[in-house]
Every structure is written in structure tokens, then in C-alpha cells.
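Descriptive analysis of the structure
Here is what each chain is made of, one letter per residue.
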Amino acid sequence: MEINVQRLDRQQFASLYGSYMTEDFEGHGLKPLAMIQKMVDQNTYDCLGMYVDGELKGYACLVREPERGYFLLDYFAVCSFCRDLGYGGRFLEKLREYYGEARGIFLESESVCAAPDEGEEQVCMRRIRFYRKQGCRHTQVKSWLFGHEYDIFYIPLKEKDPDIQEELDKIYRLMGLEKLYGGAVRIWSRRSRLLGVHAWSGAVPDSSGKELPQGAFWTERPSLVRALMPSGSLPAVISLVGGGGKTTTMYQLADELAEQGKRVLVTTSTHMGCPKEGECQYARISHIREVKDISWKGNILTVGKCACQEEAAMVEEPSGHKLGMPDGLGEPEAMEELLGCADVVLIEADGARLLPVKIPEAWEPVIIPQTGMVIACAGLSALGQTFGDACFRFGSAGGWLRRRSEDVMEPEDLALILMDERGAHRQVAGRYYRIVLNQADNKEKRDQAAGVLRALPVTMQSGCVVTAYSRQAERKL
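Read on for an overview of the structure. (Residues numbered from 1 in each chain as written. Predicted model: local features only at pLDDT ≥ 70, side-chain atom pairs only at ≥ 80, totals over all residues. Heavy atoms only, no water.)

**Considerations on the overall build of the chain**
Here is the rule we go by: Only runs of H or I of at least four residues qualify as helices and only runs of E of at least two qualify as strands under DSSP, and these elements are numbered from the N terminus. Residue contacts are defined here by distance: any two heavy atoms, one from each residue, within 4.5 Å place the two residues in contact. Computed by Shrake-Rupley with a 1.4 Å probe, the accessible areas treat only the displayed protein chains as cover when residues are assessed.
On a plain count of helices and strands, the chain comes out with 14 helices and 22 strands. For the chain, restricting intrachain contacts to residue pairs at least 6 apart in sequence, the fraction spanning at least 24 positions comes to 69%. Approximately 21700 Å² of the chain is accessible, and the part contributed by carbon and sulfur atoms is 47%.

What follows is the structure in C-alpha cells.
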């Protein structure tokens, strides 16, 4: 079987455009034929066909950046009569050979987080899995083009680690898109990337009390938002409690919601660290009403009261760059005004001194009345450690667990902390309750998470989410 890639002449491409592209890319922003042909004439566009034993099996169109030597895969398809036969992977491999002297190739794949329904979500996930399988690098750069959000992939050729955002910007400008920046077109780099979200969706004990199967049944979710609330939108006010990745989880949520076009306010009802320089916009305020006077530079704004040394000492936190609870947070009139400025309010309502598990004191956590969902976070790294080493406030508030400081924490212990009213479930009071088990970096950790899940009440199992974050995303604020 002979496979080769050939450049299509003007007549060949016009025939392909009318025979295949108008159908394959209907509703996906297909460029007019005249526009494509003009770019070909300007040497900024390539139209290629993949032939197998002389018969056309697929085609690709790429934007060419002649000075830097980068390409953007604009259209890519296998002909409808021969799909699911492995030609897509072979075509990408042939493109690597064809452009062997180039620096690299960028690809756009519609973002799973922005999929309108579960059907489109599955289509996006299949495409992303295909690109990853073919060795395409899933970058942290994203783009927004005419109402669609894309993840950017990269095929390294001669350049292994370019500035993805800068090079993509040059290609978009070459296409004349810079005139639409800030409106129909945007490029940005996501600060953190979720490596995996798993939500419980398997069998649960039936009325006879039959136990769960030994192997956990996890369903992969494309985003934390979708995992926490698969069938609807999140409440407007969400409080996060516990330890083990609470801040990372909060900003992951903020990122995903912001990418959906929502304005997200991040604050605290206790104390939290200031975002690092350049991570997101933040402001020190005295009263929550001051938010209305702040000019938002993006879709995420972090606010809090300046936490002085005396305040920090009262909550056993180190002094430094800390934000405290702004006055007015939780007051009905002030909150009504706040929700006129922000679509979602995320509140860090607990502190754990960077430990994976937290036992609250009598006054903790601080859940404001408007909270519609409480998310309890815990780090799976606590399992196998002693209570004294892994659990914040164990000595002063953990007596009800009937464990010693030197005892090793087991999955059943963590489940008890997460389900009990004296633990993370304190002050939930009829609100949505979700559990996020962080640090599931490998199969062993996911198996431990399954052990925690099996020990939870059936009513809590469906609200349990397992996550893993990249090291760069672990915010220790």
C-alpha cells in the first residue's frame, strides 16, 4: 500500500471543496473558497491531499507562516467513505514527514469544557484522545474564535519548546484576525491544567445492603465543573472547606467558569493567600461593596481585607501576604449587590496550614448564609501518614475520632472525617455537598480513593470527585 501527500492545484482543490469540505465542515465556520485561494496565491496557505494507491483518502489545509516556519492545521479530515480505518493517524504521520524542515505545527481542538451537551462533549474528548495518541502535545494555550473555544495542540518538528502563545498570535495576525482581538478572537494561556477528573458513576449498594464491587467504577469527566454538577449549573455562591488542594481546586473552578464567560469573584470568609504576581487580578478591600467600583481586567477577581500581623496571629497563620474576610460578606443587601457584579462567588471558608486533612474547631468553617454548595477537599497523601502529621487541628478538635496522634490514617478514617457533622460536613445544612479527593496522581492513589468512597454513605458517593493537578498548578498560598 503506497501512501503519499500531494499539494492540490487550484482546480483539484475547488473540486474537493465542493465535494467534501462543504459537507464535512458545515456549521464549523468554513472559509469561502475565494478567501482560501487568495491565501494560497499569497503563499500563506497549503492545500494537501492524502492518496492511498492513487485514491484520495483525506485532505488537510494549513496556514503557513513563512518567516518563522510554523504552520496551523486549519482543516483536517478523512473522506467519509473510509473513516475509522486508521487513515487519520497515518495522515498526521505523513504530514510530519512532509513538513520535516518546518519548526512545528499547531492544531486547534474544540474545548471539552465549552461543549454545549454531553454528545458534543464525547466528540471533543474523542478528538483530543486521538491527537494525544498521535503524539501531539496538549498545551496550556487556548483560543476563542467566533463563538468557539479551542485547546491548542502542538506537533514539534525542529522546535521542541516554542512560545506557543506568541507564535500562534503571529499566525492569527497573518490571517487578519488581529482586528477582532478582544471580541470575536482571543488567545490566552491557562494558569493551571487539570490532569484528570474522575467522578463516581458505578454501582452502589442496593436495598439488600450488598457491598460495592472491589474495583471502583470511575467515569472520566472533562472538567471539574462538569464533575461537580453533571446535570446542571453550579450555585452562585460556593464555599470550600477542608485541606489538601483547596486553593488549587478553587482556582481551577474559577478558570473553568471564566472560560465559560462567567465573572468569578474569589474571596475568603477566614484568611487566604494573595495570588502570585500575574496569576489573576486581585484587590485589597475593606467592604464587599467596594467590588462594584473595581474595573475588572478579566473574568476572575480575587478580593479580601488586608490581614495584618495581629489578625494572622489570631488564626495561627504566618504573617505576610494574606487576605482576610471583607466586611459585609454574607449580609443580605451587600450580597445582592455583589451578585449583580459577579456571576459566581467562590469562598475559601477554611484553613488547613497546607496539610491534607482538616478537623474543624467549633467556630469553623465560616459558611455564609447565601452559600448554595459546600465543597470539602482532602488530600489522598494523608492515607498512610499519622493523624498527627496529616491532620490539622487533630490535637485540639479530633478527640471524637478515638484515634491517637501516632495512629496511621486509613481510608475509613478519612471517609468518617468527610461525612461526619463534627468533620467536613459541619454546617452543610441542606446545601449541595461535594467531596473532592485531590492528589490522585496514579492508579494506587485512585484505588485508595475508591476505598474512601466505599466507606461513604450511598447518598454522598455520587457527589465524590477525584482529581489530579499538574505540579505547576499546585498553589500553596
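**Quick look at the packing of aromatic side chains**
As a reminder of what qualifies: Each Phe, Tyr or Trp ring, with Trp reduced to its six-membered ring, pairs with another whose centre is within 6.5 Å; inter-plane angles below 30 degrees give stacked pairs, above 60 give edge-to-face pairs, and intermediate values give tilted ones. A 1.4 Å probe rolled over the protein chains alone gives each residue an accessible area, and that area as a share of the maximum for its type sets the label: buried under 20%, exposed over 50%, partly exposed in between.
If you walk through the whole model with that rule in mind, you get 12 aromatic pairs. Judged by centre distance (4.2 Å) and plane angle (45 degrees), the rings of Phe-71 and Tyr-99 are tilted. Taken together, the residues span a long stretch of sequence, with Phe-71 in strand S4 (residues 70-78) and Tyr-99 in the loop between helix H3 (87-98) and strand S5 (104-110) at a distance of 28 residues. Classification of Tyr-99 as buried rests on a relative accessible area of 4%. Members of the aromatic cluster, joined through ring pairs, are Tyr-20, Phe-25, Tyr-59 and Tyr-75.

**Remarks on the nonpolar core**
Applicable threshold: The definition of a nonpolar core used throughout is a set of buried Ala, Val, Leu, Ile, Met, Phe, Trp, Tyr and Cys residues joined through side-chain atoms within 4.5 Å.
In terms of nonpolar packing, the biggest core is built from 62 residues, with Phe-13, Leu-73, Leu-95, Tyr-99, Phe-106 and Tyr-172 touching the most fellow members. Examining the composition of this core, we find that eight residues originate from one element, S4, more than from any other. Residues in contact with Tyr-172, not counting those within four places in the same chain, are Leu-72, Glu-108, Ser-143, Leu-145, Ile-152, Leu-177, Glu-178, Tyr-181, Val-185 and Ile-187. If you look at the next biggest cluster of nonpolar residues, it comprises 54 residues, including Leu-383, Ala-440, Val-452 and Met-460.

**Let's talk about the sheet that holds strand S1 (residues 3-7)**
Operational definition: Following DSSP output, two strands are said to pair if at least two bridges run between them. Every axis corresponds to a line fitted to the C-alpha atoms, with the helix fit spanning only the stretch in contact, and the corresponding angles, defined between N-to-C directions, vary from 0 to 180 degrees.
Reading across the sheet, the eight strands line up as S1-S2-S3-S4-S5-S7-S6-S8 and stay open at both edges, with mixed pairing between neighbours. The open sheet has two edge strands with one neighbour each: S1 and strand S8 (185-189). Averaged over all pairs of adjacent strands, the angle between strand axes in this sheet comes to 30 degrees, irrespective of strand direction. Sheet contacts for helix H2 (residues 33-41): strand S2 (45-52), strand S3 (55-65) and S4; angle to S2, the most-contacted strand, approximately 100 degrees. Contacting S1, S2, S3, S4, S5 and strand S7 (148-156), H3 runs over the sheet at an angle of about 155 degrees to S4.

**So, the layout of surface pockets**
As a reminder, the rule being used: In the cavity and pocket records, a cavity denotes points on a 1 Å grid over the protein atoms alone where a 1.4 Å probe fits but cannot get out, a pocket denotes an open set with protein on both sides within 12 Å along at least 5 of 7 lines, and lining residues are residues with an atom within 4 Å of a point. Grid points are joined across faces, edges and corners, and a volume is the space filled by probe spheres set on the points.
In this structure, the largest pocket spans a volume of roughly 1800 Å³. Taken together, the elements giving at least two residues each to the lining of the largest pocket come down to H2, S4, H3, S5, helix H4 (118-133), S7 and helix H5 (164-174). Considering each element in turn, the lining of the largest pocket owes the most residues, nine residues, to H4.

**Some details on the packing of helix H1 (residues 10-24) against H2**
Helix-helix packing is described using two parameters, namely the angle between the two axes and the distance between the axes. Basically, it comes down to this: Any angle between 65 and 115 degrees counts as roughly perpendicular, while under 35 counts as roughly parallel, over 145 as roughly antiparallel, and the rest as oblique. Each crossing gets its hand from how the near helix is turned against the far one by less than a right angle, where anticlockwise is left-handed and clockwise is right-handed. Residues are grouped as follows: nonpolar covers Ala, Val, Leu, Ile, Met, Phe, Trp, Tyr, Cys and Pro; charged covers Asp, Glu, Lys and Arg; every other residue, Gly included, is treated as polar.
Two elements in contact, H1 and H2, have axes whose closest approach is 11 Å; the angle formed by their N-to-C orientations is 150 degrees. Relative to H2, the element H1 lies roughly antiparallel. As for how H1 packs across H2, the hand of that crossing is right-handed. Together, Arg-10, Phe-13, Ala-14 and Tyr-17 of H1 and Leu-33, Ile-36, Gln-37 and Asp-41 of H2 make up the contact between the two elements. Classifying every residue of the contact of H1 with H2 by side-chain character gives five nonpolar, one polar and two charged.

**Description of the state of the cysteines**
Keep this limit in mind: The disulfide criterion used throughout: a pair of cysteine sulfur atoms within 2.5 Å.
Counted under the stated rule, the structure contains zero disulfides. You can see Cys-79 has no disulfide; the closest cysteine sulfur is in Cys-82, sitting 5.2 Å from it. For Cys-79, a relative accessible area of 0% translates into the label buried.

**What to know about the pattern of salt bridges**
Pairing is possible between side chains of opposite charge, provided their charged atoms come close. Definition in use: A carboxyl oxygen of Asp or Glu within 4 Å of a side-chain nitrogen of Lys or Arg is what we treat as a salt bridge.
Tallied over the entire structure, the rule returns 29 salt bridges. Close ionic contact of Arg-83 with Asp-24 constitutes a salt bridge, the shortest N to O distance being 3.1 Å. In this pair, Arg-83 sits in the loop between S4 and H3 while Asp-24 sits in helix H1, placing the two residues 59 residues apart along the sequence. Linked by salt bridges that have partners in common, Arg-289, Lys-292, Asp-293, Glu-333 and Glu-337 make up one network.

**Observations regarding H5**
All of the buried residues along H5 are Ile-164, Glu-167, Leu-168, Asp-169, Ile-171 and Tyr-172. After H5 finishes, the residue Gly-176 shows a positive phi value of roughly 85 degrees.

**Some points on the side chain of Thr-467**
Just so we agree on the cut-off: Within 3.5 Å is the distance limit for a polar contact, defined as a pair of N or O atoms, with the added protein rule that one can donate a hydrogen and the other accept it, and that residues adjacent in sequence qualify only through two side-chain atoms.
Checked against the element boundaries, Thr-467 lands in strand S22 (residues 464-469). On the basis of relative accessible area, Thr-467 is assigned to the buried category, the value being 1%. A distance of 2.3 Å separates a polar atom in the side chain of Thr-467 from a polar atom in the side chain of Asn-438.

**Thoughts on the packing of helix H12 (residues 411-419) against helix H13 (residues 443-455)**
Contact pair H12 / H13: the axes reach a minimum separation of 8 Å and the direction vectors enclose 55 degrees. Overall, the two elements H12 and H13 adopt an arrangement that is oblique. With respect to the hand of their crossing, H12 and H13 are arranged in right-handed fashion. Side by side, H12 and H13 meet where Pro-411, Glu-412, Leu-414, Ala-415, Leu-418 and Met-419 of the first sit next to Gln-448, Gly-451, Val-452 and Ala-455 of the second. A breakdown of the residues in the contact of H12 with H13 according to their chemical character gives seven nonpolar, two polar and one charged.

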